[in-house]
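# Structural description and commentary
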Amino acid sequence: MYPFFDMAHYIYTTISIREDIYQTHSSGSPNFPKKHPLSCWFATMFSCFAGGMLANILLGEPIVSVFEEHQHVALATLVWYLIFYSPFDFFYKLCKFYPIKLVIGMMKEVQRCKKVSDGVKHAMDIYPDSYVIAVLVGTAKGAGTGVVKNLQRLITGIWIPTSNEALQPSFPTKLCLYGSVAFILQKKGIFFDVHENLFYLGVMAFFIYFKLSSLIMHIHDPAAPFENLFSSVLFGGMLDALKRARTPRPASKEKPAGATSDGSMSNLDKSKDAKKKE
């Protein structure tokens, strides 16, 4: 996976951080990375290696071991510098060029699928009978950047507590969750009796397909209609709708013509009535 797919991950993550800083920071200007390069670099490194750090926390392993291979840190730092400080934003605009953006997005999903698979495998080697831990580690390893977005924003001086993956999970996080469950079922031989490599290619194809759907057709959450349906059935939404339908509405009293909200006649109608009396 090194260096091409890892570079795609670093590019995609760094571009996301750059755009998030420009959109959410109070200054809203490109001067923030120039005034605070250390904060910008630390937030980028934190997000680029967030998946491995979260997985290590869940499994009780050293957090800093994700920085053990210096070539990965050097590559991520190079990408960070080019995205934020290349002359005339050349590298940023090059990566945002639509065909190149599609290629980077597909490579990013290939790497994400591998992270999910490696996370599930590593967790099941340590806890072979704990499906929950395997799902948590696989999801954290594949979608760590989105999970730690609030902490990444905090490093750059922004705090938005109402925006996090627990309240508003993004579709990549959901996809990593679904992929973790699928890998567990395949490893246990439940529902999926196919070769491991063939199954891996199938899951990777789904990851790439949904990414292309987001970039080309702007379908950002294909699971939303099904989630709304299940929510209405399982979490009381349908019962609330039936209750509202059965509750009779209070009959509204018709107001006489020319009457105001408190039932009295308007000044115009009063003047007309006085003229009639004269």
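Preceding block: the structure.
If you're wondering where the values come from, they're calculated on a predicted model, not measured in any experiment. (Residues numbered from 1 in each chain as written. Predicted model: local features only at pLDDT ≥ 70, side-chain atom pairs only at ≥ 80, totals over all residues. Heavy atoms only, no water.)

Right, let's get into a nonpolar patch on the surface. On the surface, Phe226, Leu229, Phe230, Val233, Leu234 and Phe235 cluster together into a nonpolar patch covering about 700 Å² of accessible area. By the element assignment, Leu234 lies in helix α13 (residues 224-234). You can call Leu234 exposed: its relative accessible area is 61%. (Patch = residues over 30% accessible without salt bridge, like charges linked within 9 Å, V, L, I, M, F, W, Y side chains within 5 Å. Areas by Shrake-Rupley, 256 points an atom, 1.4 Å probe, with all protein chains shown as cover. Salt bridge = Lys/Arg side-chain N within 4 Å of Asp/Glu carboxyl O. Helix = DSSP H or I, 4+ residues; strand = E, 2+ residues; numbered from the N terminus. Buried < 20%, exposed > 50% of the residue type's maximum accessible area, 1.4 Å probe, protein only.)

This paragraph deals with the nonpolar core. Formed by 29 residues in total, the largest nonpolar core has its most connected members in Tyr10, Ile11, Phe49, Ile83, Phe84 and Cys95. Of all the elements in the fold, those that place two or more residues in this core are α1 (4-24), α3 (37-48), α4 (50-59), α5 (70-85) and α6 (90-96). (Core = buried A, V, L, I, M, F, W, Y, C linked by side-chain atoms within 4.5 Å.)

Let us now look at the packing of helix α8 (residues 131-142) against helix α11 (residues 171-188). Where α8 meets α11, the axes come as close as 8 Å, and the angle between the chain directions of the two elements is 135°. Classified by the angle between their axes, α8 and α11 sit oblique to one another. The two elements α8 and α11 meet at a crossing, and its hand is right-handed. On α11, the residues that touch Tyr131, Ala134, Val135, Gly138, Thr139 and Gly142 of α8 are Thr173, Cys176, Leu177, Ser180, Val181, Ile184 and Lys188. Of the residues assigned to the contact of α8 with α11, the class counts are seven nonpolar, five polar and one charged. (Axes fitted to C-alpha atoms, helices over the stretch in contact; angles between N-to-C directions. Parallel < 35°, antiparallel > 145°, perpendicular 65-115°, else oblique. Left-handed = near helix turned anticlockwise from the far one by under 90°. Contact = heavy atoms within 4.5 Å. Nonpolar A, V, L, I, M, F, W, Y, C, P; charged D, E, K, R; others polar.)

This paragraph deals with the pattern of salt bridges. Taken as a whole and judged by the stated rule, the model has eight salt bridges. Where Asp221 meets Lys174, a salt bridge forms, and the shortest distance between an N and an O atom there is 2.7 Å. Note that Asp221 is positioned in the loop between α12 (196-216) and α13 and Lys174 in helix α11, a separation of 47 residues in sequence. Judged by its relative accessible area of 25%, Asp221 is partly exposed. When its relative accessible area of 10% is taken as the criterion, Lys174 is described as buried. If you follow the salt bridges from partner to partner, you end up with Lys174, Asp221 and Glu227 in one network.

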